[in-house]
Amino acid sequence: MEEQAKCEEKKIGVIETWLRKHRLLFQGATRHPLILSIRDGSINIASFKSWLAQDYLFVRAFVPFVASVLIKAWKESDESGDMEVILGGVASLEDELSWFKRESSKWGISLSEVVPQQANKKYCGLLESLMSPDVEYTVAITAFWVIEAVYQESFAHCIGEGSKTPQELKETCERWGNEAFAKYCQSLQNIANRRLQNASDEELKKAEVMFLNVLEYEVDFWNMSRGNV
Ligand SMILES: Cc1ncc(CN)c(N)n1
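Residues numbered from 1 in each chain as written. Predicted model: local features only at pLDDT ≥ 70, side-chain atom pairs only at ≥ 80, totals over all residues. Heavy atoms only, no water.

Going by what an unreviewed UniProt entry lists, the protein is known as aminopyrimidine aminohydrolase and is assigned to Phaseolus vulgaris.

So this is what it looks like as structure tokens:
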């Protein structure tokens, strides 16, 4: 148990070990040029609008995925508190979808006409595959955590010290960059860490591969809108 042995030695979680081991890949997803362009104010508004429209479709597919993680927690979790954290996530997605509708209308985007692009379809396909009952709770909660963590880290960077984010994009960045969302991501990370700590070698490997897959899909997702210049 290579990862677990490393963690026990230094008393850090499996996720912290992965974040150190795959630091550049994590940075690639959380410091993407699209995010950097929001932070430095050079963002092309067409790129932002394209991201907004595509992300609305993604979030619609994310809802049943999170619901499937809730079912896995109910069936497989060793801690009853997991369900409350995930249920909170499901509940906040209702507000998120309403926000997407409001924000899109502000930008003149007609959501009913948005066609999913290839990278979005591929990512939604990954979410769907994770909904299978054959996918272990540990793997699914790891994917859930990293999906949320990428947005939290990315958008927090846009409102951090020295940022020149345009005023009209600040609300978007606050949505995922705020303190409460950071705490929620930490709760997900704690659940994933606890599961990974007790996982078999095989499960641990599957979860690490999933962590890397999600980072790759996130980069592809950002790239999709960057092309829109
Ligand atoms: C592509 C993507 N990744 C993550 C999130 C955060 N739920 C999102 N809205 N969209």
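Having seen the structure, we can now continue with the description.
### Quick look at the packing of aromatic side chains
Taken as a whole and assessed by the stated rule, the structure comprises 27 aromatic pairs. A ring pair is formed by F65 and F144, whose centres lie 6.1 Å apart and whose planes are at 90°; its orientation type is edge-to-face. Here the residue F65 occupies a position in helix α5 (residues 45-76), and F144 occupies one in helix α8 (residues 137-159), the gap between them amounting to 79 residues. Take F65 and F144: they sit in the same class, and that class is buried. (Phe/Tyr/Trp six-rings, centres within 6.5 Å; stacked < 30°, edge-to-face > 60°. Helix = DSSP H or I, 4+ residues; strand = E, 2+ residues; numbered from the N terminus. Buried < 20%, exposed > 50% of the residue type's maximum accessible area, 1.4 Å probe, protein only.)

### A look at the layout of surface pockets
Of the volumes computed, that of the largest pocket is approximately 260 Å³. L93, E96, E148, W176 and F181 are, among the 20 residues lining the largest pocket, the residues nearest its centre. Contributing elements (two or more residues each) for the lining of the largest pocket: α5, α6 (81-106), α8, α9 (167-177), α10 (179-197) and α11 (201-226). With 5 residues, the single largest contributor to the lining of the largest pocket is α6. Of the residues that constitute the lining of the largest pocket, the class distribution is 11 nonpolar, 3 polar and 6 charged. (1 Å grid on protein atoms, 1.4 Å probe; cavity = no way out; pocket = protein on both sides within 12 Å on 5 of 7 lines; lining within 4 Å. Points joined across faces, edges and corners; volume = space filled by probe spheres on them. Nonpolar A, V, L, I, M, F, W, Y, C, P; charged D, E, K, R; others polar.)

### Structural notes on the UniProt feature "domain: Thiaminase-2/PQQC" (unreviewed entry) in the protein
In this numbering, the UniProt entry assigns the feature "domain: Thiaminase-2/PQQC" (unreviewed entry) to residues 20-226. Helix makes up 81% of residues 20-226 and strand makes up 0%, while its end C-alpha atoms are separated by 27 Å. (UniProt positions renumbered as here; feature names shortened; annotations may be inferred.)

### A look at the UniProt feature "binding site: substrate" (unreviewed entry) in the protein
When the UniProt feature table is mapped onto this chain, "binding site: substrate" (unreviewed entry) is found at D55, E96 and E148. Their sequence span is 94 residues, while the largest C-alpha to C-alpha distance among them is just 13.1 Å; these annotated residues converge on one region. Of the annotated set, the members that line the largest pocket are D55, E96 and E148. Relative to the assigned elements, D55 resides in helix α5. Under the relative-accessibility criterion, D55 is labelled buried at 2%. Other than its neighbours up to four places away in sequence, D55 contacts F100, Y151, W176 and F221. (Contact = heavy atoms within 4.5 Å.)

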